[in-house]
Every structure is written in C-alpha cells, then in structure tokens.
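Chain residues, written in single-letter form:
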Amino acid sequence: MNGRRNNRPKAKRDVSKTLNEIRSGACNVILTTFTALAIVASAVSVLRGLDTGWRPVSAFHVVLTLLLAFVTLRRRHLSLTVRATVVTAVPFLITIGGFLTDGRGNGTLMFMVTSCVLAGCFFDRRGALIALALSFSA
C-alpha cells in the first residue's frame, strides 16, 4: 500500500515531463518554420521596397527576422518559456505592424489568431487569456 502512494506522484511527474518535452519539440519545429518563412518574407519586403520605396514596416520585418534567427540558432540554450514567448509574440507584432501600416484590411489578422492559439498551447490559461485580451484591445 505504501509503495503505491510513492509511485503515483512519480507517474504524474513523468507525464508532466513528457508534456514539457512535447511542448519543447513543437516549439522548436514552429520556431524553425517561422524563421524559414520570415527569411523569405523579409527578402520580399526588402525587394518590394525597391519599387515602392522603403517603409518602416520593412525595417520592422527585418528586425523580427533577425530576432527569430537568433532565437532559432540559440534554441538549445534557451528555456521553453523564452522560445514560446518569441514564437507567440512575433505573429502578434507582425499584426500590429500591419495594422499601423495598412489598416485592418491587409490580411494580418490571422497572425493575431495564430498568436492566441500558440499562447493557448504553450502557456497556462492565464497566458492565453492575456493574449486574447491584447488581441481584442488591438
């Protein structure tokens, strides 16, 4: 009887450790995918600047791409909280930049939805509700 009590908390710890490993792996995949897509999108944004002129949002895209590249290269040395914060914040910041540049009709609203979904996956309920509240306020 006493042996069963000691095994239950150990099993719960193993399950939570497995959940953190799953979250960490998913965060790494999303981070590398976002970085690959951001490099292409930033290149297109800079090339578009040759035709339409340099806009501040293009510099913002380049800065966010550099942030993603730095975090992706250092992902093995950064905690899950830092990586998940970057993965959640970058789509939200892209949305804010798009809203300030072109208004709500430019299609960046889906980045904000993505940010809320990622916050729900990587953080607790409070973190997801904070992301949702920030989305509604924007």
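Residues numbered from 1 in each chain as written. Predicted model: local features only at pLDDT ≥ 70, side-chain atom pairs only at ≥ 80, totals over all residues. Heavy atoms only, no water.

1. Some points on the overall build of the protein
Now for step 1: For the protein, the count of helices and strands is five helices and zero strands.
Now for step 2: In sequence order, the secondary structure elements of the protein are arranged as α-α-α-α-α.
Now for step 3: By the burial criterion, 28% of the 138 residues in the protein qualify as buried.
Now for step 4: Per element, the accessible surface of the protein, about 9200 Å² overall, is 67% carbon and sulfur. (Helix = DSSP H or I, 4+ residues; strand = E, 2+ residues; numbered from the N terminus. Buried < 20%, exposed > 50% of the residue type's maximum accessible area, 1.4 Å probe, protein only. Areas by Shrake-Rupley, 256 points an atom, 1.4 Å probe, with all protein chains shown as cover.)

2. Points about helix H3 (residues 80–102)
Now for step 1: Taking 1.5 Å of rise per residue, 23 residues should cover 33 Å, and H3 covers 33 Å from first to last C-alpha, within 8% of that figure.
Now for step 2: Gly103 sits one or two positions beyond H3 and adopts a positive phi of about 85°. (Expected span 1.5 Å × (residues − 1).)

3. Structural notes on the side chain of Ser115
Now for step 1: Tracing the backbone through its elements, the reader meets Ser115 in helix H4 (residues 109–122).
Now for step 2: Take Ser115: its relative accessible area is 4%, and that puts it in the buried class.
Now for step 3: Once you skip the residues sitting within four places of it in the chain, Ser115 turns out to touch Thr88, Pro91 and Phe92. (Contact = heavy atoms within 4.5 Å.)

4. A closer look at the packing of helix H2 (residues 56–73) against H3
Helix packing for two helices is described by the angle between their axes and how far apart those axes are.
Now for step 1: Their axes nearest at 11 Å, the elements H2 and H3 cross at an angle of 175°. Comparing the axis directions of H2 and H3 gives the class roughly antiparallel. Across from Val57, Phe60, Leu64, Leu67, Leu68 and Val71 in H2, the residues of H3 making contact are Arg83, Val86, Val90, Leu93, Ile94, Gly97 and Thr101.
Now for step 2: When its residues are assigned to classes, the contact of H2 with H3 shows 10 nonpolar, two polar and one charged. (Axes fitted to C-alpha atoms, helices over the stretch in contact; angles between N-to-C directions. Parallel < 35°, antiparallel > 145°, perpendicular 65-115°, else oblique. Nonpolar A, V, L, I, M, F, W, Y, C, P; charged D, E, K, R; others polar.)

5. Observations regarding a nonpolar patch on the surface
Now for step 1: Among the surface-exposed residues, Met110, Val113 and Val117 lie close enough to one another that they form a single nonpolar patch of about 280 Å² accessible area.
Now for step 2: Judged by its relative accessible area of 49%, Val117 falls in the partly exposed class. (Patch = residues over 30% accessible without salt bridge, like charges linked within 9 Å, V, L, I, M, F, W, Y side chains within 5 Å. Salt bridge = Lys/Arg side-chain N within 4 Å of Asp/Glu carboxyl O.)

6. A few points about the nonpolar core
Now for step 1: If you look at the biggest cluster of nonpolar residues, it comprises 13 residues, and the most contacted ones within it are Cys27, Leu31, Leu68, Val86, Val87, Val90 and Phe122.
Now for step 2: At the level of secondary structure, the elements contributing two or more residues to this core comprise helix H1 (2–52), H2, H3 and H4.
Now for step 3: Counting residues per element, this core draws most heavily on H3, which supplies five residues.
Now for step 4: Setting aside its immediate chain neighbours within four residues, Phe122 contacts Arg23, Ala26, Cys27, Ile30, Ala84 and Val87. (Core = buried A, V, L, I, M, F, W, Y, C linked by side-chain atoms within 4.5 Å.)

7. Some thoughts on the packing of H3 against H4
Now for step 1: Between H3 and H4, whose axes approach to 8 Å, the crossing angle comes to 160°. By the angle between their directions, the pair H3 and H4 is classed as roughly antiparallel. Helix-helix and strand crossings are classified by hand; for H3 and H4 the assignment is left-handed. Residues Ala84, Val87, Thr88, Pro91, Phe92, Ile94, Thr95, Ile96 and Phe99 of H3 lie in contact with H4, whose contacting residues are Leu109, Phe111, Met112, Ser115, Leu118, Ala119 and Phe122. (Left-handed = near helix turned anticlockwise from the far one by under 90°.)

8. Some thoughts on the environment of Ala38
Now for step 1: On the secondary structure map, Ala38 appears in helix H1.
Now for step 2: Taking the C-alpha atoms as reference points, Ala38 and Thr65, separated by 27 residues in sequence, lie 5.6 Å from one another.
Now for step 3: Beyond its immediate chain neighbours, meaning those up to four positions away, Ala38 contacts Thr65 and Leu68.

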